[in-house]
Amino acid sequence: MAVVSKLLSISSPSTQFRKPRSSFNFNPVTSASPFTEKHSIERYRRESTWLLSTNQLNRTVSFPPDSDPSSIRERDIALQLPELKRLLEVLREKRESGGGGGGGERGRGLGNVFLVGTGPGDPELLTVKAVRVIGSADLLLYDRLVSNEVLDLVGPEARLLYVGKTAGYHSRTQEEIHELLLSFAEAGATVVRLKGGDPLVFGRGGEEMDFLQQQGIEVQVIPGITAASGIAAELGIPLTHRGVANSVRFLTGHSRKGGTDPLFVAENAADPDSTLVVYMGLSTLPSLAVKLINHGLPPDTPAAAVERGTTPQQRMVLAELKDLADEIALAELVSPTLIIIGKVVSLSPFWPHSSIEAPALAEAR
């Protein structure tokens, strides 16, 4: 039998001081991002300020045809986001007058781009450096998993733009994100790219960093607590443990070409002495579980699936590997959900099963 639990019912140091978010009802406009947090009026209001009709956009800005790449980028920004165009103009004026720009001392007037990891959801897991940079930014591009509490740290004069992605819907393409980062950095802005977890762990931060560095833009990475370590710690699951798991492996559940077949599943992934952590693996878990079992991982291997880990909305399912996909479906967990597979899961105080390996595990402790 699996265990499904909400973190709010657990009394622990990391959760007992957390204030629950207020609930209310409102009807978002149809053009809003489908991944706006429905429980947050602040998030809705913040995003709705960027929603402009096509007619408004066409009346606001027009540009003559131009083949210059920088002009094309500026025209694209202006057509889609007039508010950002105005900010871009202000930043350029400050740079030209010598009164602004994050990189004026470098002689080129270029700004800096910070790739900032915001952790798995709990704002108290932010680094001190991340808090400082968030508060000093001119423009912040944020992902779907960045919490409202983190966005509350943004300075009053900064501009926010939602660029989140999920399966089947990208509010902006990766190329568009690259161009936005580049354009504002060229104008001398301090640009912060907020990413859930760690920006260099399944966050495409490496692609953004590589693109910007090739354009001569300085990029600084501020690491965040990745979901694997943050959520495992919240559940009391040691990702490695002497005598139980001597290594940990992070997998993506997304296939590069789509579909339900996991991309990185090989025979050596089915190691009973290792811990597997699967990101974005809800849809591919049934196939993954079968492959792992066929390659030798015991069907009764302990496993956990955690939705919205470390947040007040956290829900979790704990079950043996052979039953995990069915229990997830029964509990109706949704993305974002992290999956942890391995004997270390049975060391969690929430693990409900008795185990024939209990004496060995106790000795390993």
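Residues numbered from 1 in each chain as written. Predicted model: local features only at pLDDT ≥ 70, side-chain atom pairs only at ≥ 80, totals over all residues. Heavy atoms only, no water.

Before going further, it helps to examine the packing of aromatic side chains. Throughout the structure, instances matching the rule amount to three aromatic pairs. Here the aromatic cluster, defined as three or more aromatic residues joined through ring pairs, consists of Phe202, Phe250 and Tyr279. (Phe/Tyr/Trp six-rings, centres within 6.5 Å; stacked < 30°, edge-to-face > 60°.)

Once that is clear, we can look at helix α7 (residues 174-186). Taking 1.5 Å per residue as the helical rise, α7 with its 13 residues ought to reach 18 Å, and the 18 Å between its terminal C-alpha atoms agrees with that figure. Taken together, the buried positions of α7 are Gln174, Ile177, His178, Leu180, Leu181, Leu182, Ser183, Phe184 and Ala185. (Helix = DSSP H or I, 4+ residues; strand = E, 2+ residues; numbered from the N terminus. Expected span 1.5 Å × (residues − 1). Buried < 20%, exposed > 50% of the residue type's maximum accessible area, 1.4 Å probe, protein only.)

In this model, Ser335 is joined to Pro336 through a cis peptide bond whose omega is 5 degrees. The topology assignment puts Pro336 in the loop between α11 (321-331) and β13 (337-341). Here the phi dihedral of Thr310 falls at roughly 70 degrees; this positive angle occurs in a residue that is not glycine. Along the polypeptide, Thr310 turns up in the loop between β11 (302-307) and β12 (315-320). The phi torsion at Glu332 lies on the positive side, around 60 degrees, for a residue other than glycine.

Let us look at the sheet that holds strand β3 (residues 139-142). In a beta sheet, neighbouring strands pair by backbone hydrogen bonds and run either parallel or antiparallel. The strand order β4-β3-β7-β2-β8 describes an open sheet built from five strands, whose pairing is parallel. Unpaired on one side and paired on the other, β4 (159-162) and β8 (218-222) mark the two borders of the sheet. In this sheet, adjacent strand axes meet at a mean angle of 20 degrees when their direction is disregarded. As paired strands, strand β2 (residues 112-117) and β8 are joined by five bridges and run parallel to one another. When the bridges of β8 are listed, Phe114 appears paired with Gln220. α7 contacts β2, β3, β4 and β7 (190-195) of the sheet and is inclined by roughly 150 degrees relative to β7. (Pairing = 2+ DSSP bridges. Axes fitted to C-alpha atoms, helices over the stretch in contact; angles between N-to-C directions. Contact = heavy atoms within 4.5 Å.)

Between helix α10 (residues 285-294) and α11, the shortest axis-to-axis distance is 9 Å and the interhelical angle comes to 175 degrees. Here α10 lies roughly antiparallel to α11, going by the angle between them. Residues Leu285, Pro286, Ala289, Leu292 and Ile293 of α10 lie in contact with α11, whose contacting residues are Leu321, Lys322, Leu324, Ala325 and Ile328. Across the contact of α10 with α11, the residue classes break down as nine nonpolar, no polar and one charged. (Parallel < 35°, antiparallel > 145°, perpendicular 65-115°, else oblique. Nonpolar A, V, L, I, M, F, W, Y, C, P; charged D, E, K, R; others polar.)

Attention now goes to the nonpolar core. With 23 residues, the main nonpolar core has Val113, Leu141, Leu181, Phe184, Val191, Leu212 and Ile217 as its most contacted residues. When contributions to this core are tallied by element, the ones reaching two or more residues are α4 (82-97), β2, β3, α7 and α8 (205-214). Among the elements that take part in this core, α7 stands out by supplying six residues, more than any other. Beyond its immediate chain neighbours, meaning those up to four positions away, Ile217 contacts Leu110, Gly111, Val113, Leu182, Ala185, Glu186 and Leu212. With 21 residues, the next largest nonpolar core counts Leu288, Val317, Ala319 and Ile328 among its residues. (Core = buried A, V, L, I, M, F, W, Y, C linked by side-chain atoms within 4.5 Å.)

Taken as a whole and assessed by the stated rule, the structure comprises eight salt bridges. Between Arg204 and Glu207 there is a salt bridge, and its shortest N-O distance comes to 3.1 Å. By relative accessible area, which is 37% here, Glu207 ends up partly exposed. Across the pair Asp323 and Lys322 runs a salt bridge whose closest N-O atoms are separated by 3.5 Å. Here Lys322 falls in the partly exposed class, since its relative accessible area comes to 44%. A cluster of three or more residues bridged by salt bridges with shared partners is formed by Asp143, Arg193, Lys195 and Glu208. (Salt bridge = Lys/Arg side-chain N within 4 Å of Asp/Glu carboxyl O.)

Here the focus is the environment of Thr173. Within the element layout of this structure, Thr173 appears in the loop between β6 (169-170) and α7. For the pair formed by Thr173 and Val163, sequence separation is 10 residues and the distance between their alpha carbons is 8.3 Å.

Listed in full, the buried residues belonging to α10 are Leu285, Leu288, Ala289 and Leu292. Buried residues of α10 fall within an arc of 100 degrees about the axis and therefore sit on the same side. For α10, the elements touching its buried residues are β10 (274-279), α11 and β13. (Arc of directions from axis to C-beta.)

For the protein chain, per-residue confidence averages 76 on the pLDDT scale, and 64% of positions sit at 70 or higher. Per-element confidence in the protein chain ranges from a low mean pLDDT of 36 for helix α2 (residues 54-60) to a high of 98 for β11. Throughout residues 6-41 the model reports pLDDT below 50, and contacts reaching past four residues in sequence, or to other chains, amount to 61 contacts. This model gives residues 101-107 a pLDDT under 50, and the stretch forms 15 contacts once residues within four places in sequence are excluded. (pLDDT = per-residue confidence, 0-100.)

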